[in-house]
Amino acid sequence: MLFRLSAAIGAAMLLSSGAFAQSAKLTDPQIAHIAYTAGVIDVTAAKQALEKSDNKDVKAFANDMVRDHEAVNDKALALVKKLKVTPEDNDTSRTLSKNAAAKLQELSKLKGSAFDKAYVDNEVAYHQAVDDALETLLIPSASNAELKSLLQTGLKIFQGHKQHAEQVAAELK
């Protein structure tokens, strides 16, 4: 329970209001970069899980994360190319990347069931935080209808990811 709580706190800090704080309203290029960065972070974490885990359920979940997040990111890249928009790096995406690198380093020190549990617990908390950010900040701030639609589609997919992660976490207890 304590480890699950610390994983949730870690993920909440990763995507806390501080990570999503901006001095001004987010622009569509910034939103695109944040969303893309969040997807890349989850793909990287999933690839780490595929390398480290021997648990078939954890590996299946990680494979789903790679497939789904890469697919959404491919759609995002196609959209920004179509709109002739260059995603804009920003404080939020830099903070997300920095915090994710620290989490990957922390997870790299774990093995076996300790790794599996920490990875999946982090995925539950991470998806909750990303879902919350999509609902309360990114989607409402998006100006372009196509970007907003892509973010809404992503939200539905990521809500499913959270449920899947919760199921795997329950099995690991």
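Our structure is the block above this text.
Residues numbered from 1 in each chain as written. Predicted model: local features only at pLDDT ≥ 70, side-chain atom pairs only at ≥ 80, totals over all residues. Heavy atoms only, no water.

Draft legend 1. Layout of the packing of helix 4 (residues 56-83) against helix 7 (residues 145-172). Following both chains from N to C, one finds helix 4 and helix 7 inclined at 170 degrees, their axes separated by 11 Å at the closest point. In terms of orientation, helix 4 and helix 7 fall into the roughly antiparallel class. Grouping the amino acids of the contact of helix 4 with helix 7 by side-chain chemistry returns 14 nonpolar, three polar and seven charged. (Axes fitted to C-alpha atoms, helices over the stretch in contact; angles between N-to-C directions. Helix = DSSP H or I, 4+ residues; strand = E, 2+ residues; numbered from the N terminus. Parallel < 35°, antiparallel > 145°, perpendicular 65-115°, else oblique. Nonpolar A, V, L, I, M, F, W, Y, C, P; charged D, E, K, R; others polar.)

Draft legend 2. Representation of the nonpolar core within the structure. Core analysis: the biggest nonpolar cluster contains 21 residues, and Ile31, Val130, Leu134, Leu138, Leu147 and Leu151 have the highest contact counts within it. Breaking this core down by element, the ones donating at least two residues are helix 3 (28-52), helix 4, helix 5 (91-108), helix 6 (112-141) and helix 7. Filtering out sequence-adjacent residues up to four positions away, Leu151 remains in contact with Ile31, Ala35, Leu134, Leu138, Ile139 and Ala142. (Core = buried A, V, L, I, M, F, W, Y, C linked by side-chain atoms within 4.5 Å. Buried < 20%, exposed > 50% of the residue type's maximum accessible area, 1.4 Å probe, protein only. Contact = heavy atoms within 4.5 Å.)

Draft legend 3. Highlighting the environment of Glu123. Residue placement: Glu123 occurs in helix 6. By relative accessible area, Glu123 is classed as buried at 1%. Sequence separation between Glu123 and Asp42 is 81 residues; the distance between their C-alpha atoms is 8.2 Å. Apart from residues lying up to four places away in sequence, Glu123 is in contact with Asp42, Ala45, Phe61, Met65 and Ala165.

Draft legend 4. Spotlight on empty space enclosed by the protein. Evaluation of the coordinates by the stated rule reveals three cavities of 30 Å³ or more. Each pocket or cavity is described by its volume, and for the largest cavity that value is around 240 Å³. Ala35, Tyr36, Val72, Leu151 and Phe158 are the residues nearest the centre of the largest cavity, which is lined by 25 residues in total. Among the secondary structure elements, those contributing two or more residues to the lining of the largest cavity are helix 3, helix 4, helix 6 and helix 7. (1 Å grid on protein atoms, 1.4 Å probe; cavity = no way out; pocket = protein on both sides within 12 Å on 5 of 7 lines; lining within 4 Å. Points joined across faces, edges and corners; volume = space filled by probe spheres on them.)

Draft legend 5. Local environment of the side chain of His69. Mapped onto the elements, His69 comes out in helix 4. Judged by relative accessible area, which is 4%, His69 ranks as buried. Within the structure, the side chain of His69 is placed 3.4 Å from the side chain of His161, a separation counted as a polar contact. Filtering out sequence-adjacent residues up to four positions away, His69 remains in contact with Gly39, Asp42, Val43, His127, Phe158 and His161. (Polar contact = N/O pair within 3.5 Å; in protein donor to acceptor, adjacent residues only side chain to side chain.)

Draft legend 6. Looking closely at the pattern of salt bridges. One pass over the structure, following the stated rule, counts ten salt bridges. The partner of Lys56 in a salt bridge is Asp57, with the nearest N and O atoms 3.4 Å apart. Lys56 sits in the exposed class, given a relative accessible area of 65%. When its relative accessible area of 27% is taken as the criterion, Asp57 is described as partly exposed. (Salt bridge = Lys/Arg side-chain N within 4 Å of Asp/Glu carboxyl O.)

Draft legend 7. Examining helix 4 more closely. When the terminal C-alpha atoms of helix 4 are compared, their 40 Å separation across 28 residues agrees well with the 40 Å that a helix rising 1.5 Å per residue should span. With a side-chain oxygen positioned 2.8 Å from the backbone nitrogen of Asp57, the residue opening helix 4 is Asn55. Two residues or fewer after helix 4 comes Lys84, characterised by a positive phi angle close to 55 degrees. (Expected span 1.5 Å × (residues − 1).)

Draft legend 8. Layout of the packing of helix 3 against helix 6. At a minimum axis separation of 12 Å, helix 3 and helix 6 run at an interaxial angle of 170 degrees. Between helix 3 and helix 6, the crossing angle belongs to the class labelled roughly antiparallel. Along the contact surface, helix 3 presents Asp28, Ile31, Ile34, Ala38, Ile41, Asp42, Ala45, Ala46, Gln48, Ala49 and Lys52, while helix 6 presents Phe115, Tyr119, Glu123, Tyr126, His127, Val130, Leu138 and Ser141. Considered class by class, the residues forming the contact of helix 3 with helix 6 number twelve nonpolar, three polar and four charged.

Draft legend 9. Broad picture of the packing of aromatic side chains. Counted under the stated rule, the structure contains two aromatic pairs. Arranged with centres 6.0 Å apart and planes meeting at 5 degrees, the rings of Phe115 and Tyr119 form a pair that is stacked. Here the residue Phe115 and the residue Tyr119 both occupy positions in helix 6, the gap between them amounting to four residues, near one helical turn. Like Tyr119, Phe115 is buried. (Phe/Tyr/Trp six-rings, centres within 6.5 Å; stacked < 30°, edge-to-face > 60°.)

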